There are 2 protein chains.
Amino acid sequence: VTARIVEVRKNILRENDRRAAELRRLFEEKGVFVVSLVSSPGAGKTALLERTMRALRGSHRVAALVGDLATDNDARRLARSGAPVRQINTGAVCHLDAAMVGDSLADWDLSGIDILFVENVGNLVCPASYDLGEQLRVVLMSVTEGEDKPLKYPTIFNTADLVVVTKADLASAVRFDRTAALENIATTRPGIEVIELSSQDGTGMESWLRRLAPSAVRK
Amino acid sequence: VTARIVEVRKNILRENDRRAAELRRLFEEKGVFVVSLVSSPGAGKTALLERTMRALRGSHRVAALVGDLATDNDARRLARSGAPVRQINTGAVCHLDAAMVGDSLADWDLSGIDILFVENVGNLVCPASYDLGEQLRVVLMSVTEGEDKPLKYPTIFNTADLVVVTKADLASAVRFDRTAALENIATTRPGIEVIELSSQDGTGMESWLRRLAPSAVRK
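Summary of the structure given here. (Residues numbered from 1 in each chain as written. Chains lettered and ligands numbered in written order. Predicted model: local features only at pLDDT ≥ 70, side-chain atom pairs only at ≥ 80, totals over all residues. Heavy atoms only, no water.)

## What to know about the overall build of chain A
Thought 1: Counting its secondary structure elements, chain A contains 8 helices and 7 strands.
Thought 2: The globule rule puts the C-alpha radius of gyration for 219 residues at 17 Å, and the 17 Å found for chain A is close to it.
Thought 3: For chain A, the spread of C-alpha atoms along the three principal axes comes to 50 × 45 × 35 Å.
Thought 4: Across the 219 residues that make up chain A, the buried fraction comes to 55%.
Thought 5: Long-range contacts, defined as pairs at least 24 residues apart, comprise 74% of the intrachain contacts of chain A with a sequence gap of at least 6.
Thought 6: Put simply, chain A shows about 8,700 Å² of open surface, and 49% of that area lies on carbon and sulfur atoms.
Thought 7: In chain A, 29 side chains carry a positive charge and 29 a negative one; their mean positions are 2 Å apart. (Helix = DSSP H or I, 4+ residues; strand = E, 2+ residues; numbered from the N terminus. Rg over C-alpha atoms; globule rule 2.2 N^0.38 Å. Buried < 20%, exposed > 50% of the residue type's maximum accessible area, 1.4 Å probe, protein only. Contact = heavy atoms within 4.5 Å. Areas by Shrake-Rupley, 256 points an atom, 1.4 Å probe, with all protein chains shown as cover. Lys, Arg positive; Asp, Glu negative; His and termini not counted. Charge placed at Lys NZ, Arg CZ, Asp CG, Glu CD.)

Next up, the structure:
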C-alpha cells in the first residue's frame, strides 16, 4: 500500500505543479498579483483580508477566492467589502489545489483584477505541497497559538515567502514571548521577512499594505 | 488518478480500522482508559494535558503519547509531570494513525496505566478519518479561534465524543460570542457534551476531571 500511495501522490503533485505553472503564466499575462494565505484555523486570515481589501479598494481592484471544507461564511464576510469574492468548498479535502483555483477563475475577467487573494483551508500541514500559482505565499501565525509553531510545522514555513504574526493586540494578554517566536521563525527559515500586525487595532497594517501594493500594478 | 487514490485511501482506512479495533480490545483487556485530543494547532492540547496529568497523578497512573510533525517539545513539557510520555514524529503526515499508536506502545506495560492520553497532530481535518482505538475522543476549540469552527470543520466534530472549549480566561478579551459558539456546536453535532475551561486559571477543570476520572478504573 505504501509504495502505491507514494506513486499516486507523486502523480497528483506532478499534475498540480503543471496546472500551477499554467496559472502562474496566466496571472503574469493578465497582470494579476496573486497572494495566498495559509494558517491554522482561526489565526485570522479572513479578518486580515476584510481589513486589507477595504484598505486597498480605493487604489486597486481586488478580489478573493476562499477555501473551506464547508460553509460560505468567509466569502459572505469578504463580499461586504464590495469586491468580487468566491467560495471554494473542498468537502473533506484539507487544502486547495491549482485545479480548484483554476476552475473557480474560469469565468472571471482577470484583466479587471489587480490583486487576487487566495485564502486556503485552515491547516498548517496539507497546503504545503500544493503550488497554487501564487506570486506571494503568506503564512500567518497568531500570538494566541504559542511561539513554537514554526518548529512544529516547518514544511509550511519553508514554502512561504512571508510570515505575518497576527492578533498582536492580544500579545500581552497571552504573555506572548516575541523574542522566542522570532527566533523560532529564524531557526526554521533563516532570513524570511516577518510582519507583526493586528487586524483589530490596525497595528502594523501599514507595513503589510506597503508590502502588497507596490507589487500590484494598477491597470 | 482520482479512482486509484480513492481505492488506495479505502485500503489504508480499512487497514487502520482493523488495527484500531485490535488496539481497542487490548486497551479493554489491560483496563486502560484511552482519551485522544484533537484540535487546531495552538488550541491548548498540551497546556490542558499538563494541568490534567498533574491533577490526576495523585489518584491515577497516567501516561501520554504526543504527535507532532517535528520536535519533541510537547513530550518534554508533559514529562515534567513525572508521568511516562512518548513523542511520535509524523514527518509530513498530518495525523496519527492506529499503527503509529500501536508501535509506540509496543514496549510499554499497559497494565501499569489507568489513563493514557493521545495528543494528535494539530489539525482540524486529517485526524477525523483515523480511529486510534480510543474510548473518548475530545475535540478542543479555543475561544481565540472564533465561534464558527464547528460549522467549517464539521467532520472532526462528528467523530468526537466531547467538545472542550479552551482558553475561557481570554473570552472577554477576544469578545467571544459564547451563545453563537454553543449554537454552532449544537447545529453540527446535536446533543454533544461541551465543557468550557481554562488551563491557565483553572475554570472548568473540575468538570473535565470529573468527566475523566470515573471512567478510569484505578487498578
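Now that the structure is up, let's keep going.
## Re the relation of the copies chain A and chain B
Thought 1: Mapping chain A onto chain B calls for a rotation angle of 180 degrees and an axial translation of 0.0 Å; the resulting RMSD is 0.0 Å. The relationship between the two copies is best expressed as a two-fold rotation axis.
Thought 2: Taken as a fraction of all interface residues of chain A, those also at the interface in chain B reach 100%, which identifies the copy contact as same-surface. (Least-squares fit on C-alpha atoms with pLDDT ≥ 70 in both.)

## Thoughts on the state of the cysteines
Each disulfide consists of a covalent bond between the sulfur atoms of two cysteine residues.
Residues and elements named next belong to chain A.
Thought 1: One pass over the full model with this rule turns up 2 disulfides over all chains.
Thought 2: Cys 94 shares a disulfide with Cys 126; S-S distance 2.3 Å. In this structure the cystine formed by Cys 94 and Cys 126 twists about its S-S bond by roughly -100 degrees; its chirality is therefore left-handed. Note that Cys 94 is positioned in the loop between strand E3 (85-89) and helix H4 (98-105) and Cys 126 in the loop between strand E4 (115-119) and strand E5 (136-142), a separation of 32 residues in sequence.
Thought 3: We classify Cys 126 as buried; its relative accessible area is 8%. (Disulfide = S-S within 2.5 Å.)

## Brief notes about the sheet that holds strand E2 (residues 62-68) of chain B
Residues and elements named next belong to chain B.
Thought 1: What the 7 strands build is an open sheet, ordered E3-E2-E4-E1-E5-E6-E7; its pairing is parallel. Sheet topology places strand E3 (85-89) and strand E7 (193-196) at the edges, where each strand pairs with a single neighbour. Sheet twist, expressed as the average angle between the axes of neighbouring strands with direction ignored, equals 20 degrees.
Thought 2: As paired elements, E2 and E3 share 5 bridges and run parallel to each other. The residue bridging Leu 65 from the neighbouring strand is Arg 86, located in E3.
Thought 3: The sheet contacts of helix H2 (residues 45-56) involve strand E1 (33-38), E2, E3, strand E4 (115-119), strand E5 (136-142) and strand E6 (162-166), and relative to E4 the element is tilted by about 170 degrees. (Pairing = 2+ DSSP bridges. Axes fitted to C-alpha atoms, helices over the stretch in contact; angles between N-to-C directions.)

## A few points about the interface of chain A and chain B
Thought 1: With 39 residues of chain A at the contact, the number on the chain B side is 39 residues.
Thought 2: Across the interface of chain A and chain B, roughly 3,100 Å² is buried in total on both sides, 61% from carbon and sulfur atoms.
Thought 3: Among the residues chain A hides against chain B, the three largest losses belong to Val 8, Pro 41 and Lys 152 of chain A. Together they make up 18% of the total.
Thought 4: At the surface where chain A touches chain B, the tally comes to 4 salt bridges. (Buried area = accessible area lost by both parts, 1.4 Å probe. Salt bridge = Lys/Arg side-chain N within 4 Å of Asp/Glu carboxyl O.)

## Quick look at helix H8 (residues 205-212) of chain B
Residues and elements named next belong to chain B.
Thought 1: Buried within H8 are the following residues: Met 205, Trp 208, Leu 209 and Leu 212. Looking straight down H8, one finds its buried side chains confined to an arc of 95 degrees; they lie on one side. Exposed residues on H8 whose side chains face more than 90 degrees from its buried face are Glu 206 and Arg 210.
Thought 2: Along its buried surface, H8 packs onto E1, H2, E4, E5, E6 and E7. (Arc of directions from axis to C-beta.)

## Description of the side chain of Ser 36 of chain B
Residues and elements named next belong to chain B.
Thought 1: Along the chain, the position of Ser 36 falls in strand E1.
Thought 2: Residue Ser 36 is classed as buried on the basis of its relative accessible area of 1%.
Thought 3: Among residues more than four places away in sequence, those in contact with Ser 36 are Val 118, Leu 132, Glu 134, Leu 136, Arg 137 and Val 138.

## Concerning the pattern of salt bridges
Thought 1: Applying the stated criterion to the full structure yields 34 salt bridges over all chains.
Thought 2: When the shortest N-O distance is used, the salt bridge between Glu 15 of chain A and Arg 18 of chain A registers 2.9 Å. Here Arg 18 of chain A and Glu 15 of chain A lie together in helix H1 (residues 2-30), a separation of 3 residues that amounts to about one turn.
Thought 3: Classification of Glu 15 of chain A by relative accessible area gives partly exposed; the value is 40%.
Thought 4: Looking at Arg 18 of chain A, the relative accessible area reads 42%, which means it is partly exposed.
Thought 5: One connected set of salt bridges, linked through shared partners, spans Asp 68 and Asp 74 of chain A together with Asp 148, Lys 149 and Lys 152 of chain B.

## Focus on the sheet that holds strand E6 (residues 162-166) of chain A
The pairing of strands in a sheet happens through backbone hydrogen bonds and is either parallel or antiparallel.
Residues and elements named next belong to chain A.
Thought 1: Spatial ordering of the open sheet is given by E3-E2-E4-E1-E5-E6-E7, a layout of 7 strands whose pairing is parallel. Looking along the sheet, the strands with just one partner apiece sit at the ends: E3 and strand E7 (193-196). Put simply, the sheet's adjacent strands are angled 20 degrees from each other on average, direction ignored.
Thought 2: Here 4 bridges tie strand E1 (residues 33-38) to E5, and the two strands are oriented parallel to one another. Counted as the bridge partner of Val 38 is Val 139 from E5.
Thought 3: Along the sheet, helix H8 (residues 205-212) contacts E1, E4, E5, E6 and E7; its crossing angle with E7, the most-contacted strand, is approximately 135 degrees.

Any functional reading would require information that these geometric values do not contain.
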